[in-house]
Amino acid sequence: NSLPFGIVEEEVYDVQSMPIAEPTSLLFYTDGLIEAANANENMLGLEPVIDRLRPLRELSTSSLIRATRNVLRDFLDGAVRADDMTLLAVQIGKA
C-alpha cells in the first residue's frame, strides 16, 4: 500500500529478501501488463502470464521480454492498450 517507487523521496517501503539460486531470470513489470483489458473488458491477470512463461525459463532476457509482449498481444487480440507498460528482465548467473 505504498506509493509507486520514486514518487516521494521520504516514502518508506517494506523490504524483503529471499535466496535466489543461479542461474535465474527475473521479470519485473508494471500494472500495465496484468491489468491490460481486452475488447470484452477482461483483465489479463498474472496467472496467464506465468502459465505461458514458465516453460520458457531458459530464454535470454531479450527473448523473455519478447515472449511477455507476445502474451499480451495474444490476449488483447487487436484491442488497444489503455495503460503504459514497463518490462525489465534480469539474468542472475550464467545459464
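Parameters at a glance
Residues numbered from 1 in each chain as written. Predicted model: local features only at pLDDT ≥ 70, side-chain atom pairs only at ≥ 80, totals over all residues. Heavy atoms only, no water. Helix = DSSP H or I, 4+ residues; strand = E, 2+ residues; numbered from the N terminus. Buried < 20%, exposed > 50% of the residue type's maximum accessible area, 1.4 Å probe, protein only. Contact = heavy atoms within 4.5 Å. Areas by Shrake-Rupley, 256 points an atom, 1.4 Å probe, with all protein chains shown as cover. Lys, Arg positive; Asp, Glu negative; His and termini not counted. Charge placed at Lys NZ, Arg CZ, Asp CG, Glu CD. Core = buried A, V, L, I, M, F, W, Y, C linked by side-chain atoms within 4.5 Å. Salt bridge = Lys/Arg side-chain N within 4 Å of Asp/Glu carboxyl O. Patch = residues over 30% accessible without salt bridge, like charges linked within 9 Å, V, L, I, M, F, W, Y side chains within 5 Å.

**Q** What am I meant to see in the overall build of the protein here?
**A** Scanning the protein from N- to C-terminus turns up three helices and two strands. What you see in the protein, going N to C, is helices and strands ordered as β-α-α-α-β. When the backbone C-alpha atoms are referred to their principal axes, the protein occupies close to 40 × 40 × 20 Å. Burial statistics for the protein: of 95 residues in total, 17% are counted as buried. By sequence separation, contacts in the protein at least 24 residues apart represent 62% of the contacts at least 6 residues apart. Total accessible area computed for the protein in this model is approximately 7500 Å², and 52% of it derives from carbon and sulfur atoms. Across the protein, 8 positive and 15 negative side-chain charges occur, with their mean positions spaced 14 Å apart.

**Q** What is the right way to look at the nonpolar core in this model?
**A** What tends to happen in soluble globular proteins is that the nonpolar side chains get buried as a cluster. Membership of the largest hydrophobic core is limited to twelve residues, which are Leu33, Ala36, Leu44, Val49, Leu53, Leu64, Ala67, Val71, Leu72, Leu76, Leu87 and Ala89. Those elements giving two or more residues to this core turn out to be α2 (47-53), α3 (61-76) and β2 (87-92). Here this core takes five residues from α3, the largest share from any one element. Contact partners of Leu53, with chain neighbours within four places excluded, come to Leu27, Leu64, Ala67, Thr68 and Val71.

**Q** So what exactly am I meant to see when it comes to the pattern of salt bridges here?
**A** Opposite charge on two side chains allows them to pair when their charged atoms are near. Applying the stated criterion across every chain yields a total of two salt bridges. Linking Asp74 and Arg52 is a salt bridge whose minimum nitrogen-to-oxygen distance equals 3.0 Å. Taken together, the residues span a long stretch of sequence, with Asp74 in helix α3 and Arg52 in helix α2 at a distance of 22 residues. On the basis of relative accessibility, which here comes to 38%, the residue Asp74 falls in the partly exposed class.

**Q** Before we go on, may I ask you to explain a negative patch on the surface in this structure?
**A** A contiguous patch of negative charge on the surface is contributed by Asp31, Glu35, Asp83 and Asp84. Overall, the relative accessible area of 42% leaves Glu35 in the partly exposed class.

**Q** Would you mind showing me how to read the environment of Asp77 here?
**A** Of note, Asp77 is situated in the loop between α3 and β2. Distance from Asp77 to Ala39, taken between C-alpha atoms, is 8.0 Å for residues 38 residues apart in sequence.

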